[in-house]
There are 2 protein chains.
Amino acid sequence: MPTIQADVLRSFAKDLLTAGGFSTKDAAQTADLLVWANLRGVDSHGVLRIPRYIEMIEQGIMTSGGTPETMCEFGAVTVLDGGKCPGAVGMNAAVEKAADSAVKFGLGWCAARNISHAGAVGYFTSALAAKGLVGIAMTASKPLMSYVGAKGEALSTNPLSIAIPTGPDSDPIVLDMSTASVALGKIMAAKDAGRDIPEGWAIDADGNPATDPNKVAALLPMAGAKGSGLSLMIEMLTSVLAGNAVIGPVLTGLKKGGFNGLVLAVNPEAFGEREAFQTEVTRLAGAIHALDPAAGNAAVLLPGERSAQTGRTRSAAGIPLAAGTAKRLVEKASQLEVSVPDSLA
Amino acid sequence: MPTIQADVLRSFAKDLLTAGGFSTKDAAQTADLLVWANLRGVDSHGVLRIPRYIEMIEQGIMTSGGTPETMCEFGAVTVLDGGKCPGAVGMNAAVEKAADSAVKFGLGWCAARNISHAGAVGYFTSALAAKGLVGIAMTASKPLMSYVGAKGEALSTNPLSIAIPTGPDSDPIVLDMSTASVALGKIMAAKDAGRDIPEGWAIDADGNPATDPNKVAALLPMAGAKGSGLSLMIEMLTSVLAGNAVIGPVLTGLKKGGFNGLVLAVNPEAFGEREAFQTEVTRLAGAIHALDPAAGNAAVLLPGERSAQTGRTRSAAGIPLAAGTAKRLVEKASQLEVSVPDSLA
């Protein structure tokens, strides 16, 4: 498995995306998002996405070089239309706008509708936390998992992230969760390994629990009706409110897909003194760390803490890239005549 | 099991609460909240709470007759302090304030801190939906379930509700979920019945999975780290931001408890035309209803739909009250010299 320094990978990713049709600015923003995910160990949302992103540009499913357009603005609410821009570009614009509104109104809600795949949403809430704001973000897309009690795919695995600033020199607390019971990658891994999967992960074509990964017809939502309901509500808040519904039109045959994001920024200073807020955040974080670990757990961690630790390790020692990912990036570089970093050559 | 008409139960509940020390206004608001839960089949959040609420007034843990005080207001953000008022009173005030802000700013965030138990939070989001707004509400309280990977109780079962208006003459879509894997009542029922509980519901004193309901030391959060993280974030958003942290101070021995609520109202008209929004909500609801039910399911329902159906049945036929609940209410009425409705006498 080749190992590559984050800045080298970021630069390589940017060159690949630029050669693949991204504007320089869009390529830089997308590369930063992808490498952030790799740094934190979320390789499924990292640079392995690049060949598909370039293909999406070629197919016209994604466009680059434009600027998200403000469709409406009322008080603390803004709707941007990305015109199929890269997810990072639409969501970064929403982060800026929501943060501005949070300074003016105490909170800001910015929809980024009609964008492309937004990757690891924790990136955007972390950006708000870095500004001293509480960040909430979610994205919504086409059917990828089941609705509770129904056969087939009906809802997306719509993720939700919430980040809390902990002070200028320490990591934010970052929850970043999908509404599915399990990542699709785990079912693919069980299939590759010839292993059964536990009940509760997926259903078969009849809507019965699937334990044979080859018979999976749809992922199950997390926690049954709760995950199903939460995913449906993320579609309502993120797509339907913003005027770009996805699930309803796809299920009724009017559309094939769609992707939307939502950023909500909350300004702790609207609630009183920042210092009092940060003191209590620190107390709560300390109290969680001081909990007695259950059997099999070395330590009790806050949301996002393990990823931040991985980030420090990988920042220092480099990012281990799966051989298949490295191979596909090198092939793409060769096609596009992009020079390959020594660590991957 | 005695059956009682909703309006008779509401009036009896109001009389009991008034005799127990609630102001007339607070008693009316609380009775309406409790009977709403009974109507919808959520009897655990219904009138069975009345004896404890009266006890809380006697003990000074709850106070009645005051008005929630505005602690700070900045743009679309308001913090109310309830001074230990009944949950319904604090949350209703937050609903009004958040709705006002949503008309002015497109959205409104109102914290109702330092209130008492708020019951079924879907009541408050439904009230926003009845005003044509999208409603989000959550409440936060003291440790009642475990934190992922830790022994003992560290987090609350903090509920989250989201309601979507579907038009002037139809039920809103109402998600109302706790962040626990299961309601504590289910574990108590298994204990009473001498049945084992499935893994995933609770842990024993060592933090290992408990299947013997007598060895339960703490409920587990729903979906592991996801439910644990979401509950922690609800404490951050609802308690810490509002200046009345609960979990941190309780875990470090500074406090014994506390209760806070948060209401967020979103105005669909800030995003464009209401008609377009309602059309897409209706399309999505129809597409969910049209899904093919999985084995064992007669129909595919929207969040809150079964409760709304129960509400119609119970509105017509009356509310069946558990014998124990009826007995305790009649005893309390006798103590407080409140006349008992014929259907319970």
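Counting from 1, residues in each chain are numbered in the order their sequence is written. Chains carry letters and ligands carry numbers; both start at the beginning, A for chains and 1 for ligands, and go up in the order they are written. Where totals are concerned, whole chains, interfaces and linings use all residues; where local detail is concerned, this predicted model gives features only for residues with pLDDT of at least 70, and gives and counts side-chain atom pairs only at 80 or more. Excluding hydrogens and water, the side-chain values take into account all heavy atoms of the structure.

1. Some points on the sheet that holds strand β2 (residues 69–74) of chain A
Residues and elements named next belong to chain A. Across the sheet, which stays open at both edges, the 7 strands sit in the order β2-β3-β4-β10-β5-β6-β7 with mixed pairing between neighbours. The open sheet has two edge strands, β2 and β7 (173–177), and neither has a second partner. Here the average twist between neighbouring strands, direction ignored, is 10°. In this description, strands pair whenever DSSP reports at least two bridges between them. Strands are runs of DSSP state E lasting at least 2 residues, helices are runs of H or I lasting at least 4, and numbering of each runs from the N terminus. Sheet topology places strand β6 (residues 160–164) next to β7; 5 bridges connect them, and they run antiparallel. Within β7, the residue paired with alanine 163 across the bridge is valine 174. All axes are obtained by fitting lines to C-alpha atoms, using only the stretch in contact for helices, and the reported angles, taken between N-to-C directions, cover 0 to 180 degrees.

2. A short note on the packing of helix α2 (residues 24–39) of chain A against helix α5 (residues 122–130) of chain A
For any two helices packed against each other, one specifies the inter-axial angle together with the distance between the axes. Residues and elements named next belong to chain A. Running from N to C, α2 and α5 point in directions that differ by 100°, and their axes come no closer than 10 Å. Classed by the angle they form, the pair α2 and α5 counts as roughly perpendicular. Of the residues in α5, those in contact with Gln29, Asp32, Leu33 and Trp36 of α2 are Gly122, Tyr123, Phe124 and Ser126. Taken together, the residues that form the contact of α2 with α5 break down as 4 nonpolar, 3 polar and 1 charged. With respect to orientation, any angle under 35 degrees is reported as roughly parallel, any angle over 145 as roughly antiparallel, any angle of 65 to 115 as roughly perpendicular, and every other angle as oblique. Any two residues whose heavy atoms approach within 4.5 Å are treated as being in contact. Polar here means any residue other than Ala, Val, Leu, Ile, Met, Phe, Trp, Tyr, Cys and Pro, which are nonpolar, and Asp, Glu, Lys and Arg, which are charged; Gly is therefore polar.

3. Details of the interface of chain A and chain B
For interface size, the figure often reported is the accessible area lost on association. Contacts between chain A and chain B engage 76 residues on the former and 78 residues on the latter. Here's the idea: put two parts together, see how much 1.4 Å probe accessible area each one loses, and the total over both is what we call buried area. When chain A packs against chain B, the two sides together hide about 6300 Å² of surface, and 80% of this comes from carbon and sulfur. When residues of chain A are sorted by the area they lose upon contact with chain B, Lys226(A), Leu241(A) and Phe271(A) head the list and together hold 12% of the total. Any Lys or Arg side-chain nitrogen found within 4 Å of a carboxyl oxygen on Asp or Glu counts as a salt bridge. Of the charged contacts in the structure, one is a salt bridge between Asp292(B) and Lys151(A), with a shortest N-O distance of 3.5 Å. Counted as a polar contact is a pair of N or O atoms within 3.5 Å, where, for protein atoms, one must be capable of donating a hydrogen and the other of accepting one, and residues adjacent in sequence contribute only when both atoms are in side chains. One can count 12 residue pairs in polar contact (both at pLDDT 80 or more) joining chain A with chain B.

4. With respect to the sheet that holds strand β6 (residues 160–164) of chain B
What links the strands of a sheet is backbone hydrogen bonding, and the strands pair in either a parallel or an antiparallel sense. Residues and elements named next belong to chain B. On the basis of which strands lie adjacent, the open sheet formed by 7 strands has the order β2-β3-β4-β10-β5-β6-β7 and mixed pairing. Across the chains shown, the open sheet's two edge strands, defined by having one partner strand only, are β2 (69–74) and β7 (173–177). Neighbour-to-neighbour, the strand axes of the sheet open up by a mean angle of 10°, direction not taken into account. Looking at chain direction, β2 and strand β3 (residues 77–85) are connected through 5 bridges and run antiparallel. Residue pairing for β3: phenylalanine 74 is matched across the bridge by valine 77. Taken strand by strand, helix α4 (residues 87–105) contacts β2, β3, β4 (107–115), β5 (134–140) and β10 (260–266), and its axis lies near 160° from that of β4. Across the sheet, helix α5 (residues 122–130) is in contact with β5, β6, β7 and β10; its angle to β6 comes to roughly 20°.

5. Section: the relation of the copies chain A and chain B
For these two chain copies, the linking operation is a rotation about an axis paired with a shift along it. With an axial shift of 0.0 Å and an RMSD of 0.0 Å, the rotation relating chain A to chain B amounts to 180°. Here the two chains are linked by the operation of a two-fold rotation axis. Relative to the rotation axis, the closest C-alpha in chain A is found at Ala223(A), a distance of 2.8 Å. Mapped onto chain B, 100% of the interface residues of chain A are again interface residues, and the two copies thus contact each other with one and the same surface. Copy-to-copy alignment: least squares on C-alpha atoms, limited to residues at pLDDT 70 or above in both.

6. Some words on the packing of aromatic side chains
Residue and element names in this part refer to chain A. We call Phe, Tyr and Trp rings a pair once their centres come within 6.5 Å, taking the six-membered ring for Trp, and we label the pair stacked below 30 degrees between planes, edge-to-face above 60, and tilted otherwise. Within the structure shown, the criterion is met by 7 aromatic pairs over all chains. With a centroid separation of 5.1 Å and 80° between ring planes, the pair formed by tyrosine 123 and phenylalanine 124 is classed as edge-to-face. Neither tyrosine 123 nor phenylalanine 124 differs from the other in exposure class; each is buried. Exposure categories follow from relative accessible area, calculated using a 1.4 Å probe and restricted to protein chains: below 20% of the type maximum is buried, above 50% is exposed, and the middle band is partly exposed.

7. Some details on empty space enclosed by the protein
Vacant regions in the atomic arrangement are exposed by a probe of water-molecule size rolled over the atoms. The rule is simple: put a 1 Å grid over the protein atoms alone, call a set of points where a 1.4 Å probe fits but cannot get out a cavity, call an open set with protein on both sides within 12 Å along at least five of seven lines a pocket, and count a residue as lining if it has an atom within 4 Å of a point. Grid points are joined across faces, edges and corners, and a volume is the space filled by probe spheres set on the points. Scanning the model with the defined rule gives 2 cavities of 30 Å³ or more in all. What lines the largest cavity is a set of 20 residues, among which Ile136(A), Met138(A), Ile136(B), Met138(B) and Leu160(B) lie closest to the centre. Secondary-structure elements contributing two or more residues to the lining of the largest cavity are β5 (134–140), β6, α7 (225–240) and β10 (260–266) of chain A together with β5, β6, α7 (225–240) and β10 of chain B. Split into classes, the residues belonging to the lining of the largest cavity amount to 20 nonpolar, no polar and no charged. Estimates place the volume of the second largest cavity at around 30 Å³. Lining the second largest cavity, in full, are Phe22(B), Thr30(B), Leu33(B), Tyr53(B), Met62(B), Pro86(B), Gly87(B), Ala88(B) and His117(B). Mapped onto the lining of the second largest cavity, the elements with two or more residues apiece are α2 (24–39) and α4 of chain B. Residues belonging to the lining of the second largest cavity are distributed by class as follows: 6 nonpolar, 3 polar and no charged. Each domain span listed reflects an automatic or database assignment of domains. Lining the lining of the second largest cavity are residues from two domains, each supplying at least three of them: domain 1 (1–65 + 318–345) and domain 2 (69–177 + 227–290) of chain B.

8. Notes on unusual backbone geometry
Working note: non-glycine residues mostly have negative phi, and peptide bonds are mostly trans. Residue and element names in this part refer to chain A. In this structure, asparagine 114 is a non-glycine residue whose phi angle is positive, near 55°. By relative accessible area, which is 24% here, asparagine 114 ends up partly exposed. Although it is not a glycine, glutamate 337 sits at a positive phi angle of roughly 55°. Looking at where glutamate 337 falls in the secondary structure, it is placed in the segment after α11 (323–336).

9. Looking at the domain arrangement of chain A
Parsing chain A into structural domains produces domain 1 (1–65 + 318–345), domain 2 (69–177 + 227–290) and domain 3 (181–220). The C-alpha centroid of domain 3 of chain A is placed 30 Å from the C-alpha centroid of domain 1 of chain A.

10. Some details on the environment of Asp171(A)
All names here are of chain A. Relative to the helices and strands, aspartate 171 is located in the loop between β6 and β7. For aspartate 171, a relative accessible area of 37% corresponds to the partly exposed category. Put simply, aspartate 171 and threonine 157 are 14 residues apart on the chain and 26 Å apart in space, counted from C-alpha to C-alpha. Residues in contact with aspartate 171, not counting those within four places in the same chain, are Thr166, Ala308 and Arg312.

11. Thoughts on the pairing of β6(B)
Each regular strand shows side chains that alternate between the opposite faces of the sheet. Residues and elements named next belong to chain B. Most of β6 is tucked away: 5 of the 5 residues are buried. As defined by bridge partners, β5 adjoins β6 across 4 bridges and the pair is classed as antiparallel. Note on β6: the bridge partner recorded for isoleucine 136 is isoleucine 162.

12. Quick notes on the state of the cysteines
Residue and element names in this part refer to chain A. Cysteine sulfur atoms are paired as a disulfide whenever they come within 2.5 Å of each other. On inspection of all chains with the given rule, the structure shows 0 disulfides over all chains. For the unlinked cysteine cysteine 110, the closest cysteine sulfur is that of cysteine 72, found at 9.7 Å. For cysteine 110, a relative accessible area of 0% corresponds to the buried category.

13. What about the pattern of salt bridges?
All names here are of chain A. Applying the stated rule across the entire model yields 24 salt bridges over all chains. One salt bridge connects lysine 327 with glutamate 331, and the closest N-O pair in it is separated by 3.2 Å. Of this pair, lysine 327 and glutamate 331 both sit in helix α11, 4 residues apart, which is roughly one turn of that helix. A residue is classified by how much of its surface remains accessible, and lysine 327, at 54% relative accessible area, is exposed. The class for glutamate 331 is partly exposed, based on a relative accessible area of 40%.

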